[in-house]
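# Descriptive structure summary
One-letter residues, chain by chain:
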Amino acid sequence: MSATLLPPLRRFKIVDVGASATHEPPDFARLVAAVDCDIVGFEPIAAECENLMRGAKPHHLYLPYVIGDGSARTFYECSSPYCSSVYEPDIALVEKFQYLEEFMTIVKSGPVETKRLDDIPETEGTDFLKVDVQGAELLVFSGRCTTAKRRARDSHRGRIRAAVQGTTLFADVDTFLRAQGFAFHKMKTWGRTFKPVLMRDGPDASLSQMLWADAVYIRDFMTFGDLPPASLLKLAVILHEVEQSYDLVQFALQTYDRIMKTNLQMSYLRQMTAR
């Protein structure tokens, strides 16, 4: 989205819960490249958090907190850091699939006090919330969605992982977020093959069984008219840069135009069709 299309906006705030680095860039990389952003990341594994801080750019902050509902929990650190969680891996389940158990071997565990996002001042004014906590997403959301003011600004993106013992499932998260005024937008799924079947694409390829997903939630588009105008513009930028949901972008801009008596929707459509 051209920077000249929209009026000036305040810096975007991205909150990254479960910020451990993977082999892929974060979902919000295009957003960071396109607009001025502050990133507040949470990574409870000390070595991973230290690595993030060493590579942090200006306006990036990483804290070693376990985010949840404020309760005392046990944190299970796994052989692959991004598989660690406050829920113990269900080895009886994952051992049935190719190339999963190797990542979920517990290397150590111990008691932790989780922290609620609402109690962390650095998260005030969140525009984009990414959550990847191996099945503990509902704990994170329950510690965030407590005021209408905060709910109205957030665009949630969460990874719902089914292959973890004791977790809430997608249906539970979906029910909770809908009750908080969010709507399901899209999903990307992953899986593995049941042993001993092995795909030619490699051991991490799937065939039929989906096991986890990235689920994207946004403020319910039926209530876009209740959002502050600046929040509508920020949501449009997020949808354009992160999700490439261009039809919903123009819908958000149409709502903004109706409130502000502008013509951003048509300018955006002309910009997109001129590509």
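Residues numbered from 1 in each chain as written. Predicted model: local features only at pLDDT ≥ 70, side-chain atom pairs only at ≥ 80, totals over all residues. Heavy atoms only, no water.

### Considerations on helix α7 (residues 229-243)
- Helix length check: α7 (15 residues) gives 20 Å between terminal C-alpha atoms against 21 Å at 1.5 Å per residue, within 8%.
- Within α7, 13 of the 15 residues are buried, leaving the element largely enclosed by the surrounding structure. (Helix = DSSP H or I, 4+ residues; strand = E, 2+ residues; numbered from the N terminus. Expected span 1.5 Å × (residues − 1). Buried < 20%, exposed > 50% of the residue type's maximum accessible area, 1.4 Å probe, protein only.)

### Describing the pattern of salt bridges
- Scanning the model with the defined rule gives 10 salt bridges in all.
- Of the charged contacts, one joins Glu77 and Lys108 as a salt bridge, the two residues approaching to 3.9 Å between their closest N and O atoms. Taken together, the residues span a long stretch of sequence, with Glu77 in strand β4 (residues 72-78) and Lys108 in strand β5 (residues 106-113) at a distance of 31 residues.
- A residue is classified by how much of its surface remains accessible, and Lys108, at 53% relative accessible area, is exposed.
- The partner of Asp118 in a salt bridge is Arg116, and the shortest N-O contact between them spans 3.9 Å. (Salt bridge = Lys/Arg side-chain N within 4 Å of Asp/Glu carboxyl O.)

### Examining the packing of aromatic side chains
- Tallied over the entire structure, the rule returns 8 aromatic pairs.
- Measuring from ring centre to ring centre gives 4.4 Å for Phe97 and Phe194, while their planes differ by 40 degrees; the resulting arrangement is tilted. Here Phe194 lies in the loop between β8 (182-191) and β9 (210-219) and Phe97 lies in the loop between α3 (91-94) and β5, a separation of 97 residues in the sequence.
- With a relative accessible area of 40%, Phe194 lands in the partly exposed category.
- Here the aromatic rings of Tyr99 and Phe103 are separated by 4.9 Å at their centres, their planes lie at 85 degrees, and the arrangement is edge-to-face. (Phe/Tyr/Trp six-rings, centres within 6.5 Å; stacked < 30°, edge-to-face > 60°.)

### What to know about the packing of helix α8 (residues 246-260) against helix α9 (residues 264-273)
- Running from N to C, α8 and α9 point in directions that differ by 155 degrees, and their axes come no closer than 7 Å. Here α8 lies roughly antiparallel to α9, going by the angle between them. Judged by residue contacts, Tyr246, Val249, Gln250, Leu253, Gln254, Tyr256 and Asp257 of α8 engage Leu264, Gln265, Tyr268, Leu269 and Met272 from α9.
- For the contact of α8 with α9, the class distribution of residues is 8 nonpolar, 3 polar and 1 charged. (Axes fitted to C-alpha atoms, helices over the stretch in contact; angles between N-to-C directions. Parallel < 35°, antiparallel > 145°, perpendicular 65-115°, else oblique. Contact = heavy atoms within 4.5 Å. Nonpolar A, V, L, I, M, F, W, Y, C, P; charged D, E, K, R; others polar.)

### Things to note about helix α2 (residues 46-54)
- The set of residues buried in α2 consists of Glu48, Cys49 and Leu52. Projected down its long axis, α2 shows its buried positions confined to an angular sector of 100 degrees, all on one face.
- Tucked into the core, α2 has its buried residues touching β3 (60-63). (Arc of directions from axis to C-beta.)

### Some thoughts on the nonpolar core
- Residues Met1, Leu6, Leu31, Phe224 and Leu253 are the most contacted members of the largest nonpolar core, which totals 33 residues.
- Mapped onto this core, the elements with two or more residues apiece are β1 (12-17), β2 (37-42), α2, α7, α8 and α9.
- Ranked by residue count, the leading element in this core is α7, at 8 residues. (Core = buried A, V, L, I, M, F, W, Y, C linked by side-chain atoms within 4.5 Å.)

### Thoughts on the environment of Glu88
- Along the chain, the position of Glu88 falls in the loop between β4 and α3.
- For the pair Glu88 and Leu169, spaced 81 residues apart in sequence, the C-alpha separation works out to 15 Å.

### A closer look at the state of the cysteines
- One pass over the structure, following the stated rule, counts 0 disulfides.
- Residue Cys49 stays outside any disulfide, its sulfur separated by 18 Å from that of Cys78, the closest cysteine.
- Overall, Cys49 belongs to the buried group, its relative accessible area being 6%.
- Owing to a relative accessible area of 3%, Cys78 belongs among the buried residues under this scheme. (Disulfide = S-S within 2.5 Å.)

### Section: the environment of Val140
- Assignment of secondary structure puts Val140 in helix α4 (residues 137-142).
- Sequence spacing of Val140 and Arg116 is 24 residues, and the spatial spacing of their C-alpha atoms is 7.1 Å.
- Other than its neighbours up to four places away in sequence, Val140 contacts Val17, Ile67, Gly68, Leu117, Val131 and Val133.

### Some points on unusual backbone geometry
- With omega at 5 degrees, the peptide bond leading from Lys195 into Pro196 counts as cis.
- Among the secondary structure elements, Pro196 is positioned in the loop between β8 and β9.
- In this structure, Tyr99 takes a positive phi of about 60 degrees despite not being glycine.
- Tracing the chain through its elements places Tyr99 in the loop between α3 and β5.
- Unlike most non-glycine residues, Gln134 shows phi in positive territory, near 55 degrees.
- Mapped onto the fold, Gln134 is located in the loop between β6 (128-131) and α4.
- Residue class for Gln134 comes out buried when judged on its relative accessible area of 1%.

So far we have only geometry, and geometry alone does not tell us how the molecule works.
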